[in-house]
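# Tertiary structure, described
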Amino acid sequence: MSMGAYDEAEHERRERMTSQVEPGTDDDRKTYRGSVEYDSGDSTDALLEQFKRMQSDD
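Reference entry: report on the structure contained in this document. (Residues numbered from 1 in each chain as written. Predicted model: local features only at pLDDT ≥ 70, side-chain atom pairs only at ≥ 80, totals over all residues. Heavy atoms only, no water.)

### Brief notes about helix α1 (residues 8-19)
Between its terminal C-alpha atoms α1 stretches 16 Å, which fits the 16 Å expected from 12 residues at 1.5 Å a residue. Capping the start of α1, D7 holds a side-chain oxygen 3.3 Å from the backbone nitrogen of A9, two or three residues further along. (Helix = DSSP H or I, 4+ residues; strand = E, 2+ residues; numbered from the N terminus. Expected span 1.5 Å × (residues − 1). Polar contact = N/O pair within 3.5 Å; in protein donor to acceptor, adjacent residues only side chain to side chain.)

Okay, here's the thing in structure tokens:
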């Protein structure tokens, strides 16, 4: 078989391996400690106007 040739048996073997993966303890979500801040920013109309200006600049 040449390099880069499609090997259906290998593909199926890998597919079976990945479908059998069990989630480990490392997959548990950690408790996030901290704060999140966001700025709602401009109004929707202002953002649409800015988007239109950006499109017309191209």
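### Side note on the pattern of salt bridges
Once their charged atoms are close, side chains differing in charge can pair, the charge on each being opposite to the other. Scanning the model with the defined rule gives two salt bridges in all. A salt bridge links R13 to E10; the nearest nitrogen and oxygen atoms lie 2.7 Å apart. Taken together, the positions of R13 and E10, both in helix α1 and three residues apart, correspond to about one turn of that helix. Relative accessible area serves as the criterion here: at 35%, R13 is assigned to the partly exposed category. Between E10 and R14 there is a salt bridge whose closest N-O contact spans 2.6 Å. Of this pair, E10 and R14 both sit in helix α1, four residues apart, which is roughly one turn of the helix. Exposure remark for R14: the relative accessible area of 52% places this residue in the exposed category. (Salt bridge = Lys/Arg side-chain N within 4 Å of Asp/Glu carboxyl O. Buried < 20%, exposed > 50% of the residue type's maximum accessible area, 1.4 Å probe, protein only.)

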